[in-house]
Amino acid sequence: MANPTRRAILARLATGEVSVNDLAEPFSMSQPAVSRHLKVLEHAGLISTGSDAQRRPRKLEARPLAEATEWLETYREYWEASFVRLDGLLSELNATEKKRKRAASRKR
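Right, let's walk through the structure included here. Everything quoted here is computed from the prediction, not taken from an experiment. (Residues numbered from 1 in each chain as written. Predicted model: local features only at pLDDT ≥ 70, side-chain atom pairs only at ≥ 80, totals over all residues. Heavy atoms only, no water.)

### Focus: the overall build of the protein chain
Then step 1. Looking only at helices and strands, the protein chain features four helices and two strands.
Then step 2. Counting from the amino terminus, helix and strand elements in the protein chain follow one another as α-α-α-β-β-α.
Then step 3. Rg of the C-alpha trace for the protein chain: 25 Å, well past the compact-globule value of 13 Å for 108 residues, more than 25% over.
Then step 4. Seen through its C-alpha atoms, the protein chain measures out along the principal axes to roughly 85 × 30 × 20 Å.
Then step 5. By residue count, 21% of the 108 residues in the protein chain fall in the buried class.
Then step 6. Sequence-distant contacts, at least 24 apart, represent 44% of the contacts inside the protein chain between residues at least 6 apart.
Then step 7. A total accessible area of about 8300 Å² is found for the protein chain, and carbon and sulfur atoms account for 55% of it.
Then step 8. Within the protein chain, one finds 20 positive and 14 negative side-chain charges whose respective centroids are separated by 13 Å. (Helix = DSSP H or I, 4+ residues; strand = E, 2+ residues; numbered from the N terminus. Rg over C-alpha atoms; globule rule 2.2 N^0.38 Å. Buried < 20%, exposed > 50% of the residue type's maximum accessible area, 1.4 Å probe, protein only. Contact = heavy atoms within 4.5 Å. Areas by Shrake-Rupley, 256 points an atom, 1.4 Å probe, with all protein chains shown as cover. Lys, Arg positive; Asp, Glu negative; His and termini not counted. Charge placed at Lys NZ, Arg CZ, Asp CG, Glu CD.)

### Section: a nonpolar patch on the surface
Then step 1. A surface patch of nonpolar side chains, amounting to about 1100 Å² of accessible area, comprises W71, L72, Y75, Y78, W79, F83, L86, L89, L90 and L93.
Then step 2. Positionally, L90 belongs in helix α4 (residues 62-107). (Patch = residues over 30% accessible without salt bridge, like charges linked within 9 Å, V, L, I, M, F, W, Y side chains within 5 Å. Salt bridge = Lys/Arg side-chain N within 4 Å of Asp/Glu carboxyl O.)

### Brief notes about the nonpolar core
Then step 1. Formed by I9, L10, L13, V18, V20, L23, A24, V34, L38, L41, L46 and I47, the largest nonpolar core amounts to twelve residues.
Then step 2. Contributing elements (two or more residues each) for this core: α1 (4-13), α2 (20-24) and α3 (31-43).
Then step 3. If sequence neighbours within four positions are ignored, I47 has contacts with L10, L13, L38, L41, E42, R58, K59, L60 and E61. (Core = buried A, V, L, I, M, F, W, Y, C linked by side-chain atoms within 4.5 Å.)

### Looking at the packing of aromatic side chains
Then step 1. For the structure shown, the criterion picks out three aromatic pairs.
Then step 2. With a centroid separation of 5.0 Å and 80 degrees between ring planes, the pair formed by Y78 and W79 is classed as edge-to-face.
Then step 3. Geometrically, the ring pair formed by W79 and F83 is tilted, given 6.1 Å between the ring centres and 35 degrees between the ring planes. With W79 and F83 both in helix α4 and four residues apart, the pair spans about one turn of that helix.
Then step 4. Owing to a relative accessible area of 49%, F83 belongs among the partly exposed residues under this scheme.
Then step 5. The rings of Y78, W79 and F83 are connected pair by pair, giving a single aromatic cluster. (Phe/Tyr/Trp six-rings, centres within 6.5 Å; stacked < 30°, edge-to-face > 60°.)

### A short note on the side chain of S19
Then step 1. Among the secondary structure elements, S19 is positioned in the loop between α1 and α2.
Then step 2. By relative accessible area, which is 8% here, S19 ends up buried.
Then step 3. A polar contact is formed between the side chain of S19 and the backbone nitrogen of D22, at a distance of 3.1 Å.
Then step 4. Those residues in contact with S19 that sit more than four places away from it in its chain are R55 and P57. (Polar contact = N/O pair within 3.5 Å; in protein donor to acceptor, adjacent residues only side chain to side chain.)

### A few points about α3
Then step 1. With 13 residues, α3 extends 18 Å between its outermost C-alpha atoms, agreeing within 8% with the 18 Å of an ideal straight helix rising 1.5 Å per residue.
Then step 2. Residues of α3 that are buried make contact with α1, α2, β1 (47-49) and β2 (58-60).
Then step 3. At the C-terminal side of α3, G45 shows a positive phi close to 80 degrees. (Expected span 1.5 Å × (residues − 1).)

Structural data, given as structure tokens:
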């Protein structure tokens, strides 16, 4: 998933089954290079080979992506809550610093 070519392949497969040749077309790489990316995606369970033996179309497997999204969502919620707490703390510190500076300027 970290590879931009693989993400582009997954995006293309989101529209339906596609042959390897059609998948290779928009990339400036050989069909064997695209096939290597497809093997990685297939090994990860993100795509599968269709039933047409002549074209060997690939299709997206949504379940693993849904599971990954659910897992990532947990961490997104955690980090969002952490950032909200951090924002609150920084606001408090900023207000305290402003009060300290005002008090210091009055003493002069």
